[in-house]
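# Breakdown of the fold
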Amino acid sequence: MKNIVVFGGAGISAESGLKTFRAADGLWEEHRLEDVATPGAWQRDQDMVLRFYNERRRTVVTAQPNAAHLALAALDQHANVQIITQNIDDLHERAGSKNVLHLHGEIMLARSSIDETLLYDTHGKDIQSGDFCEKRSQLRPHVVWFGEAVPLFEPAAALVERADIFLVVGTSLAVYPAASLLQFVRPDAEKYIVTLDLAETPRRDFVWLKEKASTGVPALVAEWINPPFD
Ligand code: APR
């Protein structure tokens, strides 16, 4: 079976009703990222940071996977599929995908602010000021903030190197180190991007399908499952 690696971002969940970051009505238009998504923000105003992520979690709980998530989950029956997502939502898992790596963390998990190995399921509930880990420190969302290390970057890069087919979906490729994962794709791999806009023109060896995830991804998946005669 082929190794298919999918590298995704906020655009794949946009049609499930979750806002992207860099659109005109995106999350970073509504909030200064320095106020809610940095270690400095957490030092200055834990309540504001908790409120921001509690709101995100509430919208994720009510969102449903869309046709793009579902098509990728169905592909598990036909190939070794590895999803590497920058998204903190759990829509791939709820669609049924088996192998999902969350490069920027998971909103449904809370974590100790003094011991990053202590993780707790929020069960979709808010994290409140005064919710402590077993070491008596405040719980924070299990997400990677700007300025923090990306602990799963190296495992993700190793997965990208194994791809026979590499698909990028719904990411502006504006954020590093995540975007540098593209450097690890083998030259002989088939490479596709399904996204509406990009921070820069993509490399020439990528086929850019400039369309919505909910149509572009199922179309590609159908082609991989039932290859046309050539
Ligand atoms: N289908 C496909 N692509 C879409 C759709 C859609 N329905 N809607 C929007 N897009 C595309 C946009 O054109 C854009 O290229 O999704 C991309 C979203 O880009 P960003 O908002 O920059 O989100 P993302 O790339 O996931 O951001 C990366 O930045 O803010 C941080 O940690 C956060 O993980 C996030 C990282």
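Only a predicted model underlies this, so the values are computations on that prediction, with no experimental measurement involved. As a convention, each chain's residues are numbered from 1 in the sequence order in which they are written. Given that the model is predicted, a residue must reach a pLDDT of at least 70 before its local features are reported, and side-chain atom pairs must reach 80 or more before they are shown or counted; all residues, however, enter totals for whole chains, interfaces and linings. For the side-chain quantities, the full set of heavy atoms in the structure was used; hydrogens and water were omitted.

## Examining the sheet that holds strand β4 (residues 105-112)
- Strands pair, by our definition, only if DSSP identifies at least two bridges between them. Only DSSP runs of H or I reaching four residues or more are called helices, and only runs of E reaching two or more are called strands; each is numbered from the N terminus. An order of β5-β4-β6 is seen for the three strands of this open sheet, with the pairing classed as antiparallel. Lying at the two open borders of the sheet, with one neighbouring strand each, are β5 (119-121) and β6 (139-143). Across the sheet, the axes of successive neighbouring strands diverge by a mean angle of 45 degrees, strand direction being ignored.
- Pairing between β4 and β5: three bridges, direction antiparallel. Bridge pairing links L109 to D121 in β5. Only the stretch in contact is used when fitting a helix axis, every axis being a line fitted to C-alpha atoms; angles between N-to-C directions are given from 0 to 180 degrees.

## A few points about helix α9 (residues 213-225)
- Helix length check: α9, at 13 residues, gives a terminal C-alpha distance of 18 Å against a target of 18 Å (1.5 Å per residue), a fit within 8%.
- For each residue, the accessible area found with a 1.4 Å probe, counting protein chains only, is set against the maximum for its type, and the residue is called buried under 20%, exposed over 50%, and partly exposed in between. Three or more residues of α9 are buried, namely A213, S214, G216, V217, L220, V221 and W224. Between the first and last residue of a helix there are one fewer steps than residues, each counted as 1.5 Å, and that sum is the expected span.

## Comments concerning the environment of Q46
- Here Q46 shows up in helix α5 (residues 46-62).
- Between the C-alpha atoms of Q46 and R204, which are 158 residues apart in sequence, the distance is 44 Å.
- With near-sequence residues (within four places) excluded, Q46 lies in contact with A41 and Q138. Residues are treated as being in contact if the distance between any of their heavy atoms lies within 4.5 Å.

## Focus: the sheet that holds strand β9 (residues 207-209)
- Read from one edge of the open sheet, six strands run β3-β2-β1-β7-β8-β9, paired in parallel fashion. Each of the sheet's edge strands pairs with one partner strand only, and the pair in question is β3 (100-102) and β9. The sheet shows a mean angle of 15 degrees between the axes of neighbouring strands, direction not considered.
- In the sheet, strand β1 (residues 3-8) pairs with strand β2 (residues 80-85) via six bridges, with the strands oriented parallel. Pairing of G8 across the sheet is with T85, part of β2.
- Together, β1, β2, β3 and β7 (165-169) form the strand contacts of helix α8 (residues 153-161), whose direction differs from that of β2 by roughly 140 degrees.

## Description of the site of the ligand
- Surveying the vicinity of the ligand reveals 22 residues, the closest of which are R22, W28, T171, S172 and D197.
- Between the ligand and H104 there is a distance of 2.9 Å, counted from an oxygen atom to a side-chain nitrogen or oxygen.
- Contacts to the ligand include S172, whose side-chain N or O atom sits 2.6 Å from an oxygen atom.
- Per-residue and other accessible areas follow the Shrake-Rupley method at a 1.4 Å probe size, with only the shown protein chains counted as cover for residues. Within the complex, the protein chains bury 92% of what would otherwise be the 730 Å² of accessible surface of the ligand.
- Under the grouping applied here, Gly and all other residues not named as nonpolar or charged are polar, the nonpolar ones being Ala, Val, Leu, Ile, Met, Phe, Trp, Tyr, Cys and Pro and the charged ones Asp, Glu, Lys and Arg. Residue composition of the shell around the ligand, by class: eight nonpolar, nine polar and five charged.
- Formed jointly, the shell around the ligand draws a minimum of three residues from each of two domains, domain 1 (1-18 + 65-104 + 151-230) and domain 2 (19-62 + 107-143). Note on definitions. A residue lies near a molecule or strand when any single heavy atom of the residue is within 4 Å of it. Residues adjacent in sequence count toward polar contacts only when both atoms are side-chain atoms; beyond that, a polar contact is any pair of N or O atoms within 3.5 Å, and within protein one must be able to donate a hydrogen and the other to accept it. Throughout, the edges of the domains are those of an automatic or database domain assignment.

## Remarks on the domain arrangement of the protein
- Structurally, the protein comprises domain 1 (1-18 + 65-104 + 151-230) and domain 2 (19-62 + 107-143).
- Taking only C-alpha atoms, the centre of domain 1 and the centre of domain 2 are 25 Å apart.
- Counting from both sides, the interface comprises 13 residues of domain 1 and, opposite them, twelve residues of domain 2.
- Joining two parts hides part of their accessible area as seen by a 1.4 Å probe, and the buried area is that hidden amount summed over both. Both sides together, the interface formed by domain 1 and domain 2 hides about 930 Å², and carbon and sulfur atoms give 65% of it.

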